[in-house]
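Each chain, written out:
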Amino acid sequence: METTNRLGLVMASYRGGKSTLCAGCGHNAISERVIEACFEMGIDATHVIKLSGIGCSSKSPAYFLSGSHGFNSVHGRMPSVATGALLANHRLQAIGISGDGDTGAIGIGQFVHLMRRNLPMIYIVEDNGCYGLTKGQFSPTADLGSTLKSGVVNDLAPIDLCAMAIELGASFVARSFSGDKRQLLQLLKAGLAHRGTVLIDVFSPCVTFNDHRGSTRSYEYVRDHEEPLHELNFVPFFEDITVEQEPGAVREVDLHDGSKVFLKSVAADYDPTDKLAAMRLLTDTARRGEYPTGLLYVEPDKVDFCTQLNLVDEPLATLPLERVRPPKSALDEIMESLR
Ligand SMILES: Cc1ncc(C[n+]2csc(CCOP(=O)(O)OP(=O)(O)O)c2C)c(N)n1
Ligand code: SF4
Ligand SMILES: [Mg+2]
């Protein structure tokens, strides 16, 4: 019999349309992990809003959770649409998919303010170092000295979206690789349990335009330079904690909904709650051309934007008119006070 989750649903009910992206594109693997994560967490798809901008990456929401709400926005404008949607209904689980061009170029101003506000949503950047949809030009995350297929050399230093997100105020920041199924799945499930901005920068090779020698986002290059910081185990609030731990060797992070993340350091001990250490790590490893992956930074108790605005509990979108519109007596009182 097919496995069902805590809602009694099978994994197939979390799928979307058939992908029209190139076979082997990293973005397809990410959609698969989103499907698995939502299935394993028992997410109600009708309470999810999928958001995106423009790009091959931004087409991805069409390939998962066909029963959810969705908004495919203008290029780089996903953050403002997401902000509006969540203010209208703060009970929605928002999952945004963007690209390194959509986020790092045209959408960088919007990205900055979303991170700064710690808007409660998952924001995945499918990072292939190029504009896949428009035939592979360098994007702002392309590494200095990397080349296009034609041999053209990139002479600008990259933007590190994780470093920016940490600096600006996002409360859950991770880097992963579309080829690292296990790590990405654990990060996505942990992201679903966190309340605040979850920024996951996923290196996701473009097999058609950026998978050659000279590219630093090819499958081969990322596989050789990915340095996992820890083995990551996520235990959702609805499961018994049975992870066997050697005392002292594993760090435990408690998330908003009672779920837990266990982090066993791979090389040097790494504390993902130390903001300065995270920034130092990203600066030092970038100099050496390495990509640390895993949970880079987490601040589980940071207040998210909707809570900070002190919204009424019931979503604004469903409040009856009489609770939205002030009565005539209140308006008269205001007018009187201005005389
Ligand atoms: C306002 C506007 N400017 C430019 C474009 C052209 N355009 C479409 S997708 C894209 C870049 C996509 O790159 P990225 O976000 O990295 O996604 P990928 O295709 O690599 O997944 C650009 C420049 C557009 N659609 N709209
Ligand atoms: S062009 Fe590149 S990014 Fe776009 S679908 Fe194909 S492989 Fe993926
Ligand atoms: Mg791209």
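A separate point is the nonpolar core. Formed by 75 residues in total, the largest nonpolar core has its most connected members in C38, A82, A94, A165, V173 and L199. Ranked by residues supplied to this core, first place goes to helix α1 (residues 26-41) with 7 residues. Those residues in contact with A94 that lie beyond four places of it in its chain are I49, L51, A82, A85, L86, M121 and I122. Counting residues in hydrophobic clusters, the runner-up holds 9 residues, among them C25, C130, A142 and F209.

Most of strand β3 (residues 93-99) sits out of view: 6 of its 7 residues are buried. Both strand β1 (residues 48-52) and β3 contribute to a ladder of 5 bridges, which runs parallel. Looking at the pairing, L51 lines up with G96 of β3. The sheet contact formed by β3 and strand β4 (residues 121-127) spans 5 bridges and is parallel. Looking at β4, one finds that I97 is bridged to I124.

Neighbouring ligand 1 are 18 residues, the closest being G55, S57, G99, G101 and G132. Among the elements of the structure, α2 (56-59), α4 (100-106) and β5 (130-131) are those that each provide at least two residues to the shell around ligand 1. Tallying contributions element by element places α4 first for the shell around ligand 1, with 4 residues.

To continue, consider the sheet that holds strand β11 (residues 250-254). Ordered in space as β10-β12-β11, the 3 strands form an open sheet in which the pairing is antiparallel. At either margin of the open sheet sits one strand with a lone partner, and together these are β10 (230-235) and β11. Averaged over all neighbouring strand pairs, the angle between strand axes comes to 20°, with direction disregarded. When β11 meets strand β12 (residues 260-265), the two strands line up antiparallel, connected through 5 bridges. Among the inter-strand pairings, V250 is bridged to a residue of β12, identified as K264. Contacts from helix α7 (residues 181-193) reach β10 and β12, with the element oriented near 45° to β10.

Before going further, it helps to spend a moment on α1. Between its first and last C-alpha atoms α1 spans 23 Å; for 16 residues at 1.5 Å apiece the expected length is 22 Å, and the two agree. Of all 16 residues that make up α1, 12 are buried, and the element is covered over most of its length. Buried residues of α1: G26, H27, I30, S31, R33, V34, I35, A37, C38, F39, E40 and M41, and no others. Those residues of α1 that are buried are in contact with α2, β3, β4, α7 and β8 (197-203). G42 sits one or two positions beyond α1 and adopts a positive phi of about 65°.

Turning to its location among the elements, L199 is positioned in strand β8. Once the C-alpha coordinates of L199 and V266 are considered, the two residues, 67 residues apart in sequence, prove to be 22 Å apart. Among residues more than four places away in sequence, those in contact with L199 are M115, Y123, C162, A165, A170 and V173.

Calculation rules
- Residues numbered from 1 in each chain as written.
- Chains lettered and ligands numbered in written order.
- Predicted model: local features only at pLDDT ≥ 70, side-chain atom pairs only at ≥ 80, totals over all residues.
- Core = buried A, V, L, I, M, F, W, Y, C linked by C-beta atoms within 7 Å.
- Buried ≥ 20, exposed ≤ 12 C-beta atoms within 10 Å, placed from the backbone.
- Helix = DSSP H or I, 4+ residues; strand = E, 2+ residues; numbered from the N terminus.
- Contact = placed C-beta atoms within 7 Å.
- Pairing = 2+ DSSP bridges.
- Near = placed C-beta within 6 Å.
- Axes fitted to C-alpha atoms, helices over the stretch in contact; angles between N-to-C directions.
- Expected span 1.5 Å × (residues − 1).

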